[in-house]
Structure formats: C-alpha cells, structure tokens
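Single-letter residue listing:
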Amino acid sequence: VHLLILALLLLSFNSCEFFDSSVQIGFEHYWDEQQIGFEDLGLTEFTTESGETIVIDELKYIISQIQLRRIGRDEIYTLSEFQFEENLNLWHVYISDIPHDDYEITFVFGLPPELNVLNPNLELPESFEVPQELGGGYNFMQLNGRFKDSMDEFQPFEFHVTNAVNNSDPTNVL
C-alpha cells in the first residue's frame, strides 16, 4: 500500500513551455521531497514510511491523450496519443499552427480503454503486455527495484499498475 501511494506521488507535472513549433513536456520524479533522476536508478537508497530501505532500479510509465486546451475557447490540440517514459527524460513533441496564447495541458496516466488492447502498432515493450488470462492490455506503470529484508539483504520487488481485467462480467473471476 505504501508503494502505491509513493509510486503515484512520484509523478508530478513539472513544465510545459512553448518553443517554435514544439512543446517541451517535463516530469519530475520524487521520493518524499528527494528528486529522483536517471543517475539515481539502481544506486540511491530510499526509505519507505514503514522504515524499509528500497532501491528503484526501473521506473516506466505511459502517459496518453496529451492535449493543450486553449483557455477561454473550445480549441483542443492533441500533442500525442501516448508517450512511453523509461529514462526520466523530457519529451519534445513537435506541432505546428498553434496560436500563441494561454493553454492548459491535460493528460491521462495509462491508456484509455480503446487503446488498452494488445496492438503491435503501439510499439510498447513486450514487458508491458498483460497476459490475456489476466485481462490483456498493458501495464500503465512499472516500478521495479529491491528492498532490504530482515537479514539486511536486498530482495527484488515488482510493482505494476494496470487496468486490464474487465470486471463487468461477474463470472470472470481470477
């Protein structure tokens, strides 16, 4: 439970700046108030709320339906259907013919239902695929790393977020 809360807190929107025909989108990643960068992966030790020591080896996630909405008008510009993040980098999305004005940015963590089906055209890593017997589709986030056990030895953990199982059928019990 602590990992879920902390994992979701890792994603905080940072910036959206206009450049000539491009938008730079950046996310900063934090554990408590400590910023996490690419150089921290696999090295830096973090402490959970319950006092356990962990190391984050890998953080990958999908952001979809990235849109700019022009403030005060009904104009929406889609920047990207989805973006896969695995290196804690900034993204550059190139667009054209967007008037200089004030915008708000919206996005979805994960994929909308119509895109959350196995599709080789999405070019997502195979490790993000959810087996069909678990509902199919894709993981929205993978937070993988190691934790120190009671013997002070590191053990692996995998924390994945998905929305793959369709619970609308009460006979579909796993």
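If you're wondering where the values come from, they're calculated on a predicted model, not measured in any experiment.

A word on the overall build of the chain. Within the chain one finds 1 helix and 10 strands. The order of helices and strands in the chain, counted from the N terminus, is α-β-β-β-β-β-β-β-β-β-β. Out of the 174 residues in the chain, the part that is buried amounts to 39%. In the chain, the proportion of contacts linking residues at least 24 apart, taken out of those at least 6 apart, comes to 54%. Accessible surface, the chain as shown: approximately 10,500 Å² in total, 48% of it carbon and sulfur.

This next bit is on the nonpolar core. In this structure, I56, I62, L111, L124, M141 and L143 are the most contacted members of the largest nonpolar core, which totals 32 residues. Put simply, the parts of the chain that give this core at least two residues each are β2 (22–31), β5 (53–70), β6 (76–85), β9 (139–148) and β10 (154–162). The element contributing the most residues to this core is β5, with 8 residues.

This paragraph deals with the pattern of salt bridges. In this structure the tally under the stated criterion is 7 salt bridges. Salt-bridge contacts for E75 lead to R70; the nearest nitrogen and oxygen are separated by 3.0 Å. Given the relative accessible area of 10%, R70 is considered buried.

Looking now at the confidence of the model for the chain. Across the chain, the average pLDDT comes to 78, with 74% of residues at 70 or higher. Put simply, helix α1 (residues 2–10) is where the chain has its lowest mean pLDDT, 42, and strand β4 (residues 45–47) is where it has its highest, 95. Scored below 50 in pLDDT, residues 1–13 makes 35 contacts in the model with residues more than four places away or belonging to other chains.

This next bit is on the pairing of β6. It is a general feature of regular strands that their side chains alternate between the two faces of the sheet. With 8 bridges joining them, β5 and β6 adopt antiparallel strand pairing. Bridge assignment links S64 to a residue of β6, and that residue is F82. In this structure, the hairpin formed by β5 and β6 is closed by a connection of 5 residues, where G72 is found at a positive phi of approximately 85 degrees.

Attention shifts here to unusual backbone geometry. Located in the positive-phi region is Q65, a residue other than glycine, with phi close to 50 degrees. Turning to its location among the elements, Q65 is positioned in strand β5. Residue class for Q65 comes out partly exposed when judged on its relative accessible area of 28%. Unlike most non-glycine residues, D152 shows phi in positive territory, near 65 degrees. By the secondary structure assignment, D152 is in the loop between β9 and β10. Taking the relative accessible area as the measure of exposure, D152 reaches 53% and is therefore exposed.

As a further point, take the environment of F84. As for its position among the elements, F84 is in strand β6. Residues F84 and E123, 39 residues apart in the sequence, show an inter-C-alpha distance of 9.4 Å.

It is worth spelling out the environment of I76 at this point. Summarising the element assignment, I76 is placed in strand β6. Taking relative accessible area as the criterion, I76 reaches 44% and is therefore assigned partly exposed. Here I76 is in contact with Q67, L68 and R69, once residues within four sequence places are set aside.

Reading the values: the criteria
Residues numbered from 1 in each chain as written. Predicted model: local features only at pLDDT ≥ 70, side-chain atom pairs only at ≥ 80, totals over all residues. Heavy atoms only, no water. Helix = DSSP H or I, 4+ residues; strand = E, 2+ residues; numbered from the N terminus. Buried < 20%, exposed > 50% of the residue type's maximum accessible area, 1.4 Å probe, protein only. Contact = heavy atoms within 4.5 Å. Areas by Shrake-Rupley, 256 points an atom, 1.4 Å probe, with all protein chains shown as cover. Core = buried A, V, L, I, M, F, W, Y, C linked by side-chain atoms within 4.5 Å. Salt bridge = Lys/Arg side-chain N within 4 Å of Asp/Glu carboxyl O. pLDDT = per-residue confidence, 0-100. Pairing = 2+ DSSP bridges.

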